[in-house]
Every structure is written in C-alpha cells, then in structure tokens.
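What the coordinates show
Chain by chain, the residues:
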Amino acid sequence: MSVSLAGAATVWFDATARDLPWREPGTTPWGVLVSEIMLQQTPVSRVTPVWLAWLERWPTPSAMAHDPDQPAAAIRMWGRLGYPRRALRLHQCAVAAVERHDGEIPDDLDALLALPGVGSYTARAVAAFAFGQRHPVVDTNVRRFVARAVGGKAEAGPATTQRDLDAVEELLPTNPADAARASAAFMELGAVVCVARSPRCAACPVATTCAWRRAGSPPADVPGQRTQTYAGTDRQVRGLLMAVLRDAEGPVPPARLDVVWPDAVQRHRALASLLTDGLVVSDGNRYALPGTPSGTQ
DNA sequence: GAAACGTGGCA
DNA sequence: TTGCCAAGTTT
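Taking an unreviewed UniProt entry as the reference, chain A is identified by name as Adenine DNA glycosylase belonging to Virgisporangium ochraceum. A UniProt comment under Cofactor (unreviewed entry) is attached to chain A, and it reads "[4Fe-4S] cluster". UniProt lists a comment for chain A under the heading Sequence similarities (unreviewed entry), and it reads "Belongs to the Nth/MutY family."

1. Looking at the protein's contact with DNA strand B
In the vicinity of DNA strand B, 14 residues are found, and the nearest of them are Arg46, Arg80, Pro84, Arg235 and Arg238. Protein-adjacent atoms of DNA strand B, using a 4 Å cutoff, are sugar or phosphate at a proportion of 61%. Separating a base oxygen of DNA strand B from a side-chain N or O atom of Arg46 is a distance of 2.8 Å. One of the side-chain N or O atoms of Arg235 is found 3.0 Å from a base nitrogen in DNA strand B. Among the elements that take part in the surface near DNA strand B, helix H13 (residues 234–247) stands out by supplying four residues, more than any other. A breakdown of the residues in the surface near DNA strand B according to their chemical character gives four nonpolar, four polar and six charged.

2. Comments concerning the nonpolar core
Core analysis: the largest hydrophobic core is formed by 52 residues, its most contacted members being Trp30, Leu33, Met38 and Trp54. Listed by contribution, the elements that provide at least two residues to this core are helix H2 (29–38), helix H3 (44–57), helix H5 (72–78), helix H6 (85–100), helix H7 (109–113), helix H8 (120–129), H13 and helix H15 (264–277). Considering every element that reaches this core, the biggest residue donor is H6, with seven residues. Domain assignment of the residues forming this core places at least three in each of domain 2 (28–129) and domain 3 (234–288).

3. Quick look at H2
Burial within H2 is extensive, with nine of its ten residues counted as buried. Buried within H2 we find Trp30, Gly31, Val32, Leu33, Val34, Ser35, Glu36, Ile37 and Met38. The inward-facing, buried residues of H2 contact H3, helix H4 (61–65), H5, H6 and H8.

4. Considerations on the layout of surface pockets
Gaps left between atoms show up when a probe the size of a water molecule is rolled over them. Approximately 660 Å³ is the volume found for the second largest pocket. As for the second largest pocket, its lining consists of 25 residues, of which Gly82, Tyr83, Tyr230, Arg235 and Gly239 are closest to the centre. Counting only elements with at least two residues in the lining of the second largest pocket, the list comes to H6, H13 and H15. Looking at which element gives the most residues to the lining of the second largest pocket, the answer is H13, with eight residues. A class-by-class count of the residues in the lining of the second largest pocket yields nine nonpolar, eight polar and eight charged. Shared between two domains, the lining of the second largest pocket holds at least three residues of each, these being domain 2 (28–129) and domain 3 (234–288).

5. Focus: the protein's contact with DNA strand C
Around DNA strand C sit 26 residues, and of these Leu39, Gly119, Thr122, Asp139 and Asn141 come closest. Backbone atoms, meaning sugar and phosphate, form 70% of the atoms of DNA strand C found within 4 Å of the protein. A distance of 3.0 Å separates a phosphate oxygen of DNA strand C from a polar atom in the backbone of Gln41. Here a phosphate oxygen of DNA strand C and a side-chain polar atom of Asn141 are 2.6 Å apart. For the surface near DNA strand C, the secondary structure elements donating two or more residues are H8, helix H9 (140–149) and helix H11 (176–192).

Rules and cut-offs
Residues numbered from 1 in each chain as written. Chains lettered and ligands numbered in written order. Predicted model: local features only at pLDDT ≥ 70, side-chain atom pairs only at ≥ 80, totals over all residues. Heavy atoms only, no water. UniProt positions renumbered as here; feature names shortened; annotations may be inferred. Near = heavy atom within 4 Å. Polar contact = N/O pair within 3.5 Å; in protein donor to acceptor, adjacent residues only side chain to side chain. Helix = DSSP H or I, 4+ residues; strand = E, 2+ residues; numbered from the N terminus. Nonpolar A, V, L, I, M, F, W, Y, C, P; charged D, E, K, R; others polar. Core = buried A, V, L, I, M, F, W, Y, C linked by side-chain atoms within 4.5 Å. Buried < 20%, exposed > 50% of the residue type's maximum accessible area, 1.4 Å probe, protein only. Domains from an automatic or database assignment. Contact = heavy atoms within 4.5 Å. 1 Å grid on protein atoms, 1.4 Å probe; cavity = no way out; pocket = protein on both sides within 12 Å on 5 of 7 lines; lining within 4 Å. Points joined across faces, edges and corners; volume = space filled by probe spheres on them.

As structure tokens, then:
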C-alpha cells in the first residue's frame, strides 16, 4: 500500500515535474543547499532568478567565502526575497564549508544540521536531493499531502514532529535513490496538485486511493489560526530600512533612514534588532551593510 | 511551544 | 480590499 503511493507519485513526477533549474543534472550540493534555503517560505517564481544569479557569481562555497565584498554582496543579491537573515546564514554556510569540510557541503545529516540556517527540513532535503540518501523530507507540502492521502484530513497538524518524520519514512521505498525521488514527488504533488486551497484532485495520481477523498473530502475540523497582520509591524520597518541600505552605495547617515518610518521609537527598535542580527553595522554615526567596501565595521 | 522573522501574488 | 499562502529556522 505504502509502496504504491510512492510509486504512483513517482510515475506522475517523472512525467509532469516542473523543469526547475536546481533539478538540472549536474547541480552541485551547494546549488541544492542554496535553493532549499531560498525556498524557505518563499515561492518558486521569486527564487528562480535569484538562484541563477547567485550560482553564477558564487558557483562554489569557496567562491562565496573568499569574495571580499561579503556579506554585503550576499545581502544585496538576496534582493527582495524576504527574511534576509537567510542571506547572512548562507554566507556563513559557505565559510563553514571552507573551514570545516574542505570547501564542500557535507553529506552527513548531523553535519548539515550544524550549518547555520539549516534545520530538520533543509538538512534532509540536501541529504536526499544532493546526495541520494534515504531520509524522510517533511515540509509543509509533504505534511499536507500525507495528512490527506493517508490521514484522511483536510489539513496537517501545526508542527513538524517526530511523528511526521516517522509517518513519511514509512512511505519511502527501500532503495535510497527511489526514496529521494519519492520525496521530491510528494513535495511536487503538494506544491502543484494537493494545494492548500482548491486542490486539483482531478489531476492527482493518487486520487482513487486518497483517504481524504474516500472520506468525502471533509473540511478542516479546526479553524486555522489567523495570520499576523504585516502592516505596521517591526518586520515591515526592518524591510524598509534594509531596502535603503541595499540600494545605497556605501554607509548612509541616519537621516537617510529616518525618512522611511515616522515613529522614531519603532524605527530605532527595528534598527537595533538589525544591528543585533548582524544585518547592519554602524560606527556610531553612519549605517551600512556588513562588509560594505569602504564601509564601517 | 509561541513568537519573530519579509515579501508579493492571488482569490 | 483583505486575508491567505509560499520547499522553515531560531530563540
């Protein structure tokens, strides 16, 4: 039963998967890692152009680690992908690869988990997709797909727990390469067919065996928790401040930052958090991205 | 375990 | 127009 689920998903995947650049043969583990971190909470359509530019400029961890303009250049290349701490951590991954792994992205799950910004999902995704290892790869797509196809529920639970890993592990074929492909297939199904709103069950390769369909597609039993409004939050102010520094040639005086947000208290709080995160540096007078040439540290 | 952390597209 | 949603991680 479980083999047929993975089998059907894999057959469908082989026939209809999107041609994403990081799936091209010859993509390095570094390329896979970059894609996985960029894709955290971020749609494919916005990641693709940045991934291409990133890999062209920094084709290896060593190229990134030895670029003298870092990490300012990484933050600028990140552009408007959101959560710019990811750019910082990706640079830290490159440095760690050079310092601890001879310039290579490690293939060991624990070594991957030790990299900055790499958690349970990303570590297993890299181990599976870059190195062909057999690990359950559980992201929001997989949790939703398994919740429906196996659990018979409209939505997955709130968190990625050990139970999620165990449930997905049971679905994987024994052969490592097949298991990795099945994980990619589960993710792809969740991303393009078994989507959160208005799933396209008519196009689903497992619709006839789907537990949720067989149960009559019952609605979610618990109302989803409402999302936090973005407008007016510190996150928005941080984004506005970062946009100024990204677009600036070098260090800027405080006046350049003062204009982005009228509430001085909130603006200072946001700037302080950016300094704490290491996304901004200051000499006590002007502000800049970390490592900006001729900038302040 | 909850909250923080960006941004933009779409229904 | 507003709210939901997108390949999560960290504290």
